[in-house]
Amino acid sequence: MSHVTPVFLDLVRVETRLYNAVGSRLRTEHGLALGQFEFLQIIDRVDGCRVLDIVSELAITVGAVSKAVDRLVAAGWCVRVAHPQDRRSSVLRLTPEGEKVLAASRPVVESALAALTQTVPAADLKRLAATLAALRASLEADDTGQPG
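Note that the structure is a prediction, hence the values are computed from the model and not measured. (Residues numbered from 1 in each chain as written. Predicted model: local features only at pLDDT ≥ 70, side-chain atom pairs only at ≥ 80, totals over all residues. Heavy atoms only, no water.)

K.L.:
Looking at this structure, how should I read a nonpolar patch on the surface?
P.N.:
Together, L11, V120, L125, L128, L132, L135 and L139 line one region of the surface with nonpolar side chains, adding up to about 520 Å² of accessible area. Counting residues per element, the nonpolar patch draws most heavily on helix α6 (residues 122-141), at five residues. Tracing the sequence through the fold places L125 in helix α6. Accessibility expressed as a relative area gives 32% for L125, which makes it partly exposed. (Patch = residues over 30% accessible without salt bridge, like charges linked within 9 Å, V, L, I, M, F, W, Y side chains within 5 Å. Areas by Shrake-Rupley, 256 points an atom, 1.4 Å probe, with all protein chains shown as cover. Salt bridge = Lys/Arg side-chain N within 4 Å of Asp/Glu carboxyl O. Helix = DSSP H or I, 4+ residues; strand = E, 2+ residues; numbered from the N terminus. Buried < 20%, exposed > 50% of the residue type's maximum accessible area, 1.4 Å probe, protein only.)

Here it is in structure tokens:
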């Protein structure tokens, strides 16, 4: 086994455990799945956000994103609005209720992650963040790992 394989396996296991723990707390406190939180954050952050923007950022299929957005719309957290230049496309916008649930959820996610990572020295987290950002940028530059 290469030296990279154990790192990859640790990364996946850490991500899974963090995701599950934060997701559980978020669902308990706000009835919101962590995946929904991610979508709401992207819609809030990306001006003129479309389904393809979420697909690109999360590296999941158009179908999966479209279904997830349909559930956000059904929950009353976002709306699809006709794109001003391309009527075949739509822009996603948070509703006031979506903005409220996102604002209430952000501190929960932050505090859960802070509590779960408190045993790791700040300098180590900073190095890890830089390393992961560099690896992510490299993968995204080549569209590595995009579905299809």
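K.L.:
I tried to follow the packing of helix α3 (residues 51-58) against helix α4 (residues 62-75) on my own but got confused; where do I start?
P.N.:
How two helices pack is summed up by the angle between their axes together with the distance between the axes. At their nearest, the axes of α3 and α4 sit 9 Å apart, and the two run at 120 degrees to each other. Comparing their axes, α4 and α3 come out oblique. Of the two elements, α3 crosses α4, and the hand of that crossing is right-handed. From α3, V51, L52, I54 and V55 reach across to α4, where they touch V62, V65, S66 and V69. Looking at the contact of α3 with α4 residue by residue, the class counts come to seven nonpolar, one polar and no charged. (Axes fitted to C-alpha atoms, helices over the stretch in contact; angles between N-to-C directions. Parallel < 35°, antiparallel > 145°, perpendicular 65-115°, else oblique. Left-handed = near helix turned anticlockwise from the far one by under 90°. Contact = heavy atoms within 4.5 Å. Nonpolar A, V, L, I, M, F, W, Y, C, P; charged D, E, K, R; others polar.)

K.L.:
For this particular structure, what's the right way to read unusual backbone geometry?
P.N.:
Backbone phi values are negative for most residues with the exception of glycine, while trans is the configuration of most peptide bonds. A positive phi angle, near 55 degrees, is found at A59, a position not held by glycine. Tracing the sequence through the fold places A59 in the loop between α3 and α4. Its relative accessible area of 31% is what places A59 among the partly exposed residues. Despite not being glycine, D143 has its phi angle at roughly 55 degrees, a positive value. Locating D143 in the fold gives a position in the segment after α6.

K.L.:
How do you make sense of the nonpolar core when you look at a structure like this?
P.N.:
Soluble globular proteins: nonpolar side chains tend toward being buried together. Of all hydrophobic cores here, the largest spans 26 residues; its most connected members are L40, I43, I54 and V69. Contributions of two or more residues to this core are made by α1 (4-30), α2 (34-45), α3, α4, β2 (90-94) and α5 (96-116). The dominant element in this core, judged by the number of residues it contributes, is α2, at six residues. Setting aside anything within four residues of it in sequence, one finds I43 in contact with C49, I54, L72, C78, L92, R93 and L94. (Core = buried A, V, L, I, M, F, W, Y, C linked by side-chain atoms within 4.5 Å.)

K.L.:
Whenever I open this one, the environment of E110 confuses me. Can you help?
P.N.:
Tracing the backbone shows E110 in helix α5. Note on E110: relative accessible area 55%, which makes it exposed.

K.L.:
Teacher, can you tell me more about the pattern of salt bridges here?
P.N.:
It is possible for side chains of opposite charge to pair when their charged atoms get near one another. In this structure the tally under the stated criterion is seven salt bridges. Here D44 makes a salt bridge to R106, at a shortest N to O gap of 3.0 Å. Of the two residues, D44 is situated in helix α2 and R106 in helix α5; the sequence distance between them amounts to 62 residues. The partner of R127 in a salt bridge is D124, and the shortest N-O contact between them spans 2.1 Å. Of this pair, R127 and D124 both sit in helix α6, three residues apart, roughly one helical turn. Overall, the relative accessible area of 31% leaves D124 in the partly exposed class.

K.L.:
What should I look at first to understand the layout of surface pockets in this one?
P.N.:
It is a probe the size of a water molecule, rolled over the atoms, that shows where empty space is left. Approximately 2,100 Å³ is the volume attributed to the largest pocket. What lines the largest pocket is a set of 42 residues, and nearest its centre among them are L11, E15, L18, L132 and R136. Mapped onto the lining of the largest pocket, the elements with two or more residues apiece are α1, α2, α3, α5 and α6. Among the elements that line the lining of the largest pocket, the one with the most residues is α1, at eleven residues. Partitioning the lining of the largest pocket into residue classes produces 25 nonpolar, seven polar and ten charged. (1 Å grid on protein atoms, 1.4 Å probe; cavity = no way out; pocket = protein on both sides within 12 Å on 5 of 7 lines; lining within 4 Å. Points joined across faces, edges and corners; volume = space filled by probe spheres on them.)

By themselves, these observations are geometric and do not establish any function.
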